[in-house]
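# Structural overview for review
Each chain, letter by letter, is given below.
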Amino acid sequence: MSRIMNDVEQRIIAKEVFTVVDANGEVRQDVKVVTPLMQEQSKKRKELQTYRNKADNPFTIVNMEASKELTGLEELNTKELGYFLILQSYISYDNMLRQPKSTLPMIKKEIGQALRMKDRRAYSKVINKFIELGLMYQESVTLYDKEYQAFYIAKKYCFRGSNRSDKVVKMFIGSVQELYNQEEIKPADIGFLFMLLPYMHYQSNHLVRYPFERDYAKAEALSQKDLIEITGLDEKNVKNHIKIKLSSIHVFGTFRAGKNSIYKVNPSLFFRGVMPDEELKADFTLTGESI
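Everything quoted here is computed from the prediction, not taken from an experiment. (Residues numbered from 1 in each chain as written. Predicted model: local features only at pLDDT ≥ 70, side-chain atom pairs only at ≥ 80, totals over all residues. Heavy atoms only, no water.)

## Structural notes on the overall build of the protein chain
Our working definition: Numbering goes from the N terminus for both helices and strands, where a helix is a DSSP run of H or I of at least four residues and a strand is a run of E of at least two. Two residues qualify as a contact provided that any one of their heavy atoms is within 4.5 Å of a heavy atom in the partner residue. Calculation of accessible area relied on Shrake-Rupley with a 1.4 Å probe; when residues are assessed, cover is drawn exclusively from the protein chains displayed.
Helices and strands together make up the secondary structure of the protein chain, namely 12 helices and 12 strands. Across the protein chain, the fraction of contacts at a sequence separation of at least 24, relative to all contacts at a separation of at least 6, is 61%. Summing over all exposed atoms, the protein chain offers an accessible surface of approximately 17100 Å²; the carbon and sulfur share of this is 49%.

## Re the sheet that holds strand S7 (residues 168–172)
Just so we agree on the cut-off: When DSSP finds two or more bridges between two strands, those strands count as paired. Axis definition: a line fit to C-alpha positions, over the contact stretch in the case of helices; interaxial angles, taken between N-to-C directions, run 0 to 180 degrees.
What the 4 strands build is an open sheet, ordered S6-S3-S7-S12; its pairing is antiparallel. Of all strands in the sheet, those with a lone pairing partner are strand S6 (158–159) and strand S12 (270–271), marking the two edges. One ladder, built from 5 bridges, connects strand S3 (residues 59–63) with S7; its direction is antiparallel. Of the residues in S7, the one forming a bridge with Phe59 is Phe172. Sheet strands in contact with helix H3 (residues 64–71) are S3 and S7, and its direction is about 65° off that of S3.

## Section: the pairing of strand S10 (residues 252–257)
Sheet analysis places S10 next to strand S11 (residues 260–265), joined by 6 bridges and oriented antiparallel. Within S11, the position partnered with Phe255 by the bridge is Ile262. The antiparallel pairing of S10 with S11 creates a hairpin that spans 2 residues between the two strands, and Gly258 there sits at a positive phi of about 70°.

## Focus: the nonpolar core
Heads up, the condition is: As used here, the term nonpolar core means buried Ala, Val, Leu, Ile, Met, Phe, Trp, Tyr and Cys residues forming a set that is joined through side-chain atoms within 4.5 Å. Partly exposed residues are those whose accessible area sits between 20% and 50% of the maximum for their type, while under 20% is buried and over 50% is exposed, using a 1.4 Å probe and protein chains only.
Of all hydrophobic cores here, the largest spans 59 residues; its most connected members are Leu97, Phe130, Leu207, Phe252 and Phe270. Excluding residues that lie within four positions of it along the chain, Phe130 makes contacts with Leu76, Glu80, Tyr83, Phe84, Leu87, Leu135 and Met136. Core analysis: the next-biggest nonpolar cluster, separate from the first, contains 7 residues, Phe59, Ile61, Val168 and Leu280 among them.

## With respect to the packing of helix H4 (residues 78–88) against helix H6 (residues 120–132)
Operational definition: Reported orientations rely on four angle classes, namely roughly parallel under 35 degrees, roughly antiparallel over 145, roughly perpendicular from 65 to 115, and oblique for the rest. All residues other than Ala, Val, Leu, Ile, Met, Phe, Trp, Tyr, Cys, Pro, Asp, Glu, Lys and Arg, Gly among them, are scored as polar; the first ten of these are nonpolar and the last four charged.
Two numbers describe how H4 lies on H6: the axes approach to 11 Å, and their chain directions differ by 80°. One way to sum up the angle between H4 and H6 is to call them roughly perpendicular. On the side of H4, the interface is formed by Glu80, Tyr83, Phe84 and Leu87, while H6 contributes Val126, Lys129 and Phe130. Within the contact of H4 with H6, the residues separate by chemical class into 5 nonpolar, no polar and 2 charged.

## Comments concerning the side chain of Asp226
In this structure, Asp226 sits in helix H10 (residues 224–231). Residue Asp226 is classed as buried on the basis of its relative accessible area, which comes to 11%. Beyond its immediate sequence surroundings of up to four residues, Asp226 is in contact with Arg209 and Ala221.

## Section: the packing of helix H8 (residues 187–196) against H10
Two elements in contact, H8 and H10, have axes separated by 10 Å at closest approach and are oriented at 100°. One finds that H8 runs roughly perpendicular with respect to H10. Contact residues: H8 offers Phe192, Met195 and Leu196, while H10 offers Leu227, Ile230 and Thr231. Residue composition of the contact of H8 with H10, by class: 5 nonpolar, 1 polar and no charged.

## Topic: the environment of Leu233
Secondary-structure assignment places Leu233 in the loop between H10 and helix H11 (235–242). Residue classification places Leu233 among the buried positions, given a relative accessible area of 16%. Distance from Leu233 to Thr78, taken between C-alpha atoms, is 9.2 Å for residues 155 residues apart in sequence. When near neighbours in sequence (up to four residues on either side) are disregarded, Leu233 contacts Thr78, Phe192, Met195, Ile228, Val238 and His241.

## Notes on the pattern of salt bridges
As a reminder of what qualifies: Each reported salt bridge corresponds to a side-chain nitrogen of Lys or Arg within 4 Å of a carboxyl oxygen of Asp or Glu.
In total, this model carries 7 salt bridges according to the counting rule given. For Glu80, the salt bridge goes to Lys129, with nearest N and O atoms at 3.0 Å. With Glu80 in helix H4 and Lys129 in helix H6, this residue pair connects regions lying 49 residues apart in the sequence. Relative accessible area serves as the criterion here: at 13%, Glu80 is assigned to the buried category. For Lys239, the salt bridge identified is with Glu235, shortest N-O distance 3.0 Å. You can see Lys239 and its partner Glu235 sitting in helix H11, 4 residues apart, about one turn around the helix. A relative accessible area of 36% means that Lys239 is categorised as partly exposed.

Encoded structure:
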């Protein structure tokens, strides 16, 4: 027995790994040892990956419940909801609207450009309406010894930074702005997306009736008829919005389950959870379009 134990000890030292040995001196391959040091190293790796993800793919955090309230307002149409979602992709960490890679607040003209609106009266009307409804506000800010009139999005609807709630959706800034920069994408397409964000299921991105229910059997997938009812749009419009693409990749995945269709939002644009895994992304990228 002594010889066996010495042999095991030498193998452990040689491999520089932790090995479990049973009472008979046999090395157990079906047991994994996790030490406090290994746990700490794993935590640091995850934190580093999270930091890299934020740096490489920055996102705005959209409040699902507040968004759902807005979709029920008669004062806002689908196009205006799209405008509001696009503006949320331009906020800084204090919710000030600003151009990418700039520290200065956006002026009205720049907001109009972000919304793809050339007419001054048109974008001024949208901005004023959002302010009247409490979606935005204006405030003086001093930067580099100069005073500016800055526009902010109310934090009730979105923010950037850390978050403890799971009733939110990550909106990946670069992807959403790239989508809207496509000429064929209309503000109403983005508004349609906005109306469905409150129905995204955690981790899977499925559109469901009960998005905060972790049990898939109780979440209840939304049908096309449900999408029509939720958005208030007719069948033709819903079908057209469902078909929108980011380049050649579908924004919505449509999956068949027997006679029924199940809808999923592309995780490259929006995601509920920490970060989307490769398997979820593959649903949209394996064939260059949704399955």
